[in-house]
2 protein chains.
Amino acid sequence: MLAVTILGNNSAVPAYDRHPTAQVVTLDEFLFLVDCGEGTQMQMAKYKIRRSRIQHIFISHLHGDHYFGLIGLITSLGLLGRDAPLHLYAPAALEQLIQLQLKVADTALPYPLHFHPLEAGPVLVSNDRFKVLCFPVSHRIPCWGFRFEQIKAPRRLNPDKARAHEVPSHFYDRLKWGEDYTTKDGKHIPNDWVTEPAAKGKVYAYSADTCYNDSLIEQVKGADLLYHETTYLKDLAERAAFRYHCTTHQAASIAQQAGVGRLLIGHFSSKYEKLDQFETEAKEVFPNTSLAIEGVSYRV
Amino acid sequence: MLAVTILGNNSAVPAYDRHPTAQVVTLDEFLFLVDCGEGTQMQMAKYKIRRSRIQHIFISHLHGDHYFGLIGLITSLGLLGRDAPLHLYAPAALEQLIQLQLKVADTALPYPLHFHPLEAGPVLVSNDRFKVLCFPVSHRIPCWGFRFEQIKAPRRLNPDKARAHEVPSHFYDRLKWGEDYTTKDGKHIPNDWVTEPAAKGKVYAYSADTCYNDSLIEQVKGADLLYHETTYLKDLAERAAFRYHCTTHQAASIAQQAGVGRLLIGHFSSKYEKLDQFETEAKEVFPNTSLAIEGVSYRV
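Rules behind the numbers
Residues numbered from 1 in each chain as written. Chains lettered and ligands numbered in written order. Predicted model: local features only at pLDDT ≥ 70, side-chain atom pairs only at ≥ 80, totals over all residues. Helix = DSSP H or I, 4+ residues; strand = E, 2+ residues; numbered from the N terminus. Buried ≥ 20, exposed ≤ 12 C-beta atoms within 10 Å, placed from the backbone. Axes fitted to C-alpha atoms, helices over the stretch in contact; angles between N-to-C directions. Parallel < 35°, antiparallel > 145°, perpendicular 65-115°, else oblique. Left-handed = near helix turned anticlockwise from the far one by under 90°. Contact = placed C-beta atoms within 7 Å. Nonpolar A, V, L, I, M, F, W, Y, C, P; charged D, E, K, R; others polar. Pairing = 2+ DSSP bridges. Domains from an automatic or database assignment.

### A look at the overall build of chain A
In terms of helices and strands, chain A carries ten helices and 18 strands. Each principal axis of the C-alpha atoms in chain A carries an extent, and together these give about 75 × 55 × 35 Å. Taken across its 300 residues, chain A has 47% of its residues classed as buried.

### Considerations on the packing of helix α9 (residues 248-258) of chain B against helix α10 (residues 276-285) of chain B
Residues and elements named next belong to chain B. Two elements in contact, α9 and α10, have axes whose closest approach is 8 Å; the angle formed by their N-to-C orientations is 40°. In this view, α9 runs oblique relative to α10, as classed from their interaxial angle. Classified by chirality, the crossing of α10 by α9 is right-handed. From α9, Thr248, His249, Ala251, Ala252, Ser253 and Gln256 reach across to α10, where they touch Phe278, Glu281, Ala282 and Val285. Along the lines of polarity and charge, the residues of the contact of α9 with α10 split into five nonpolar, four polar and one charged.

### Quick word on the sheet that holds strand β5 (residues 86-90) of chain B
Residues and elements named next belong to chain B. Taken in spatial order, the seven strands of this open sheet run β6-β5-β4-β3-β2-β1-β18, and their pairing is mixed. The sheet terminates laterally at β6 (113-117) and β18 (297-299), the two strands that pair on one side only. Ignoring which end each strand starts from, the neighbouring axes of this sheet average 20° apart. Relative to β5, strand β4 (residues 54-58) is paired through three bridges, and the arrangement is parallel. Residue pairing in the sheet places phenylalanine 58 in a bridge with tyrosine 89 of β5.

### Digging into the domain arrangement of chain A
Along its sequence, chain A is organised into domain 1 (2-152 + 199-299) and domain 2 (156-195). When each unit is reduced to the centre of its C-alpha atoms, the spacing between domain 1 of chain A and domain 2 of chain A is 42 Å.

### Considering the interface of chain A and chain B
Tallying the contact residues gives 28 residues for chain A and 28 residues for chain B. Taken together, the residues that form the side of chain A that touches chain B break down as 16 nonpolar, nine polar and three charged.

### Things to note about the environment of leucine 124 of chain B
Residues and elements named next belong to chain B. Assignment of secondary structure puts leucine 124 in strand β7 (residues 123-126). C-alpha separation for the pair leucine 124 and glutamate 149, spaced 25 residues apart in sequence, amounts to 12 Å. If sequence neighbours within four positions are ignored, leucine 124 has contacts with Tyr89, His116, Val132, Leu133 and Cys134.

Next comes the structure, spelled out in structure tokens:
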């Protein structure tokens, strides 16, 4: 199961009860937090996201509407007695800032906080269940998007074929994880004779804050769900470019060119009270588009 | 008019929809912000406090539940195009932190932010309308309380007496501001012959986070309204002392010994869902006690 829950869908200045950017990505039993604007810990409480279950936090860039809530969350986790490690993937400069905030409060966290600079990317985490990559986007300051890939291991065993090739049943688990088998008399049984590929994992891509840039297409290609910012409606393309943001049509064009399954749009400018025009315009270019609404989970 | 509006009444970890510490003090046409926990700018929007009217912000100490919302507010004011100066009174270390946060965002504020370290106190602001002082309290890290004194200038002129002493009417304004008058033939008319003292201004004292300490009594003496923290109920005096906080009875005892007019209690621990016992216990010692409730304005 792969899903994304929106905690904040607004751009810089909170307005109309919309909050700055934060999302929770759920991948089976794993919870990832993607960006953490001010008030994210309150939004998590409101939408019954268990803070303690977060093990990985990804921060796209150091504009405040994407990270001002982080220090509060980190501190609260400590006050609540967390001892499990927390992994933070963010631009390198954030580490100094957090250390300074802890120092002035004379606070030591009771759990290990592992800092991973995004500059060292692109592979941030890779294991047999998921892979998270980052990719640069085009913003006023260094900024990264994230790509969450679900890995649907193990491979699917074909028991009839396994028996036919005389693989003993105690080896079946190892077959599922891709190993070949060699019989006692030295006969080699390649794994794919007796198994089939795992179901394809889902992919979620998050574009962070970015102006329109063709190079993004390659990075988000084939994603089942793409979140792309649409700070402005299509008539403000000039302002969008000037501020390193995108319009509805630009985001939808990226989705269309990258052949993604579905597009989720957010990071709405505070100048807009109503959002329906965002959906209308994006659908003109990419019909399978949804507005990112706070509190809603979007299944990938 | 002097009043305090509560924006956050909870201690460190937000809970039960209670927010970390923030208050707005209204003194006639002036608005002061006292502490600024995470989410303060959203609370200001919720309770229709106009952010742009704040000219002075006072931060008691550098535990996050008293300042994590500050950088968001400061940044939003900039994005909203503020050009009026903003005065920030806070522990000296906060300046470096704010500068670092602006630097990593490559952001310059479009308005002057004047930083005044509390270490230079005790008089933070003094003019003909109000005076704000800080005083040290007893917490795990350096922490200050604040005392807001309303000055009810000008003095009240007694026109009959002024005429009797032959003070010309063009000098009346100067009489109101306390000047003596000297007649053409050199006769000295002391100001208090022809004026009466201004109505006494009101005083609001804010104790910030503190353990029980007798020395506080002198600092908050005679305040019309005292806000004092009560993180715990009276049965947890040991825990309160260990964490440099107060119980209901301790706060009420300070109020009683200092002869204040009314006591407002807050900074409730997240362990308590219901608050009525706080009021009951404090009233056992100091009957004129109210709970600090978010969104409520308390007239001094």
